[in-house]
Amino acid sequence: MHLEHPSFYGNAFLLAPIGIAVASVDGVWNQVNPALYKMLGYDEEELVDKDHRIFFHPDDWAQEERQLQKLLEGHSSSAIMEIRYIHKSGHVVWVAEQVFTLRNKEGVPESFYIYLTDITEKKLADNLDSVVCEHSQDIIAYSSSDGVCLYVSPAFHNLLGYHPKDFIGKKLMDYFHPDDIAELYERDYSDKDKVCARFRHADGRYIWFETTIKLIRNVDGDVDKILSIGRDITERIQTEQALINSRRSLAEAQRIASIGSWEWDLERGEIHCSEELLRIYGITDTNIIGKFENLLQFVHPADHENVLTKVQRAMAGHNFSLECRLILTTGTEKHVHIQGVVLKDNEGFPIKTQGTVQDITEQKKMQQLLEETIDRYTSLKKYNPDAIISLDKTGYIVSVNPASEQITGYSAQELNDFHFTDLFHYEDVGRAQQWFQRFMIGEAVECGEMRVVCKDGSLIDLLITPAPIIIRQAMVGCYVMVKDITEQKRKDELLRKSEKLSVVGQLAAGVAHEIRNPLTALKGFVKLMMHSDPQFPKYLAIMKEELDRIELIVSELLMLSKPQSLQLRRTDLKDLIEEVQTLIGTQAIMKNIEIQLSADEGPFTVQCDPNQIKQVIINFLKNAIEAMTREGVILIELSLDTTGHARMRIVDQGCGIPEDKLPRLGEPFFTTKEGGTGLGLMVSQKIIEHHAGKMSITSRLNQGTTVEVSLPIAELPLEEPISLRL
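Predicted model only: the values in this text are computed from it and were never measured. (Residues numbered from 1 in each chain as written. Predicted model: local features only at pLDDT ≥ 70, side-chain atom pairs only at ≥ 80, totals over all residues. Heavy atoms only, no water.)

### With respect to the pattern of salt bridges
Using the following cut-off: Salt bridges are defined as contacts in which a side-chain nitrogen from Lys or Arg sits within 4 Å of a carboxyl oxygen from Asp or Glu. Working definition: helices are DSSP H or I runs of at least four residues, strands are E runs of at least two. Numbering for both runs from the N terminus. A simple rule labels every residue: compare its accessible area, found with a 1.4 Å probe on the protein chains alone, to the largest value its type can have, and call it buried under 20%, exposed over 50%, or partly exposed in between.
All told, the structure shown has 28 salt bridges when counted by the stated rule. For Asp138, the salt bridge identified is with Arg231, shortest N-O distance 2.7 Å. Linking Asp138 in strand S6 (residues 138-144) with Arg231 in strand S10 (residues 223-232), this pair joins segments that are 93 residues apart in sequence. Asp138 gets classed as buried once you look at its relative accessible area, which sits at 7%. When its relative accessible area of 39% is taken as the criterion, Arg231 is described as partly exposed. Between Asp359 and Lys334 there is a salt bridge, and its shortest N-O distance comes to 3.6 Å. Of the two residues, Asp359 is situated in strand S15 (residues 350-359) and Lys334 in strand S14 (residues 333-344); the sequence distance between them amounts to 25 residues.

In structure tokens:
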């Protein structure tokens, strides 16, 4: 279209993107283009023939009048200014206004030609910059309705690391945390709203922001722009999370310790309880709490008065602490400890009480169990007929029971000043001290017999048994159980004498029987010699044989009855067996019998009298050789058993012993072999017993016999030999 075409200027006026108006010199709009009345929200009819100044912001009237007056006076041909128009909806529209004066041929102004450009967004940005200067800790953003950033304040760089210019044109929603985006999209926003969400920093981490949102709507009520002011609340969120964690930790600590907390507002009469307190009370329906009377119904009836008394003192301003029982809805009974403090106002009047409730049911049970245990211990100690004395690690007496006073004649107070060795006979002090020291270092010691000198000077025999006192897995002393065996020893001595008389009678009967037989033969041969022909050599041989038997019986009787001393020393049992094996081996070879020794790893050191143990081994080997009527093997086995004893087993292949005769072995003059007296086995048994050993015999007829002997392994050498009367 040519510039001179009549419709060119009309189309330019109508289609211009900026507002254009033609006004009279008195300010009345004669013509307005569509862009102008859309800018201000009016219809064309509402603007034409109207004084344009009625649409101005009142604060801008003076500026407009000055500029138009200059144009009319001819000081300039055009004027440029920024003024505010009032939109039909009521909000302000900033306009960059350029005014030209149209004059006639005589130069007289006839009208104004006005161009209006909307600069609201620019002015808003300028105003935002000033706000940012005053609130630099906040981020101010201006975005389109679809969330595209149009402006962002300089604080954006300080808080999030992005340069504001680089962020223009980007969608803000793309930078929120993925877990928050769904909620932000689904949320129904009001014109003024507030949200909390995490925004991604330039370095990749997320920062919590509390954002105040202002929705700016157009004339149709649709959202046109979004104004956002965001504040970094990361520290506040962390503090709140720490508070949540602290409360969670407190609740967990209360659960573990079974301690609930409460707060009672005395003015309102309301009680607030923690979850653990509700659990202690067994309350699942929280509607039943809130008042003191509701909680009081759980208190055991017998404890009501005590609880009410304490509560009344609390109402008067006193702190309180008490224990009571609760009856839960399930019928279960609990023990609780309740304590509280009173909070007062500025005038000293109580306004609140705070406190805790601790479930002490298990503690009560443990306390009751401890009391029962103490009562049992006290009863055992107090009413025990035997003395019970407790010693510390050094051997001093700590406590005694009444029986200790009765046995020693000393009072408990007197005994508490004694070292335990002060009570013993001087000959037993060293042995008692050694016995105590061995026990305190953890060695196994057996019961011991000691002599005690009573307060009146009398001497009594006691059997002493130790027991450790263990506290926190450490031995701090020991108990000594003491039994008065003076009377028992007297009875045992009488019993031994009685047994000796019995044995003497048994031996006398046996001796009379055994010796009477050869004497009868001797008597008969003497009579024959007196009344028959001389055949003395034949009779004398028989008489000599009978006299030899009498001599054998008498010699064994002497060995049995003669007091003998045990000269004990440390000896290797294997060496003794090998010596006896060599000594008696010749006799075995003559009967085609082999003696074999099978010994485990030693040592087999025993505390013994070597000569007597040799005699025992010889007796058993001779019996084994005599029991074997044909060639064979006698096996000697030597080993260590689980109790720390040396075990010797002699196994033969002889004729064996009938089962019904095994119990009688060891009786004097009872024997299963021809020409035996039975005294050898009896002597061997006595020797083994006096060496603190044991002996057993097993046998099967026509298959052989096994003799087993066990002797204790030597630990410490004796300081002096012990004499034992056999």
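Let's pick the thread back up.
### Re the pairing of S15
Cut-off, in case you're wondering: By definition, two strands form a pair when at least two bridges between them are found by DSSP.
Looking at chain direction, strand S11 (residues 259-265) and S15 are connected through 7 bridges and run antiparallel. Bridge pairing links Ile259 to Gln358 in S15. Count of turn residues in the S14/S15 antiparallel hairpin: 5 residues, of which Gly348 carries a positive phi of about 90°.

### Examining the pairing of strand S8 (residues 192-200)
Alignment of S8 against strand S9 (residues 206-217), held across 9 bridges, turns out to be antiparallel. Paired with Val195 across the bridge in S9 is Thr211.

### Here's the deal with the confidence of the model for the chain
Where we set the bar: The predictor attaches a confidence to each residue, called pLDDT, with possible values from 0 through 100. The contact criterion used is simple: two residues touch if any of their non-hydrogen atoms lie within 4.5 Å.
Averaged over all residues, the pLDDT of the chain equals 80, while 81% of them reach at least 70. Below pLDDT 50 for its whole length, residues 717-726 participates in 24 contacts with residues either more than four positions away or in separate chains.

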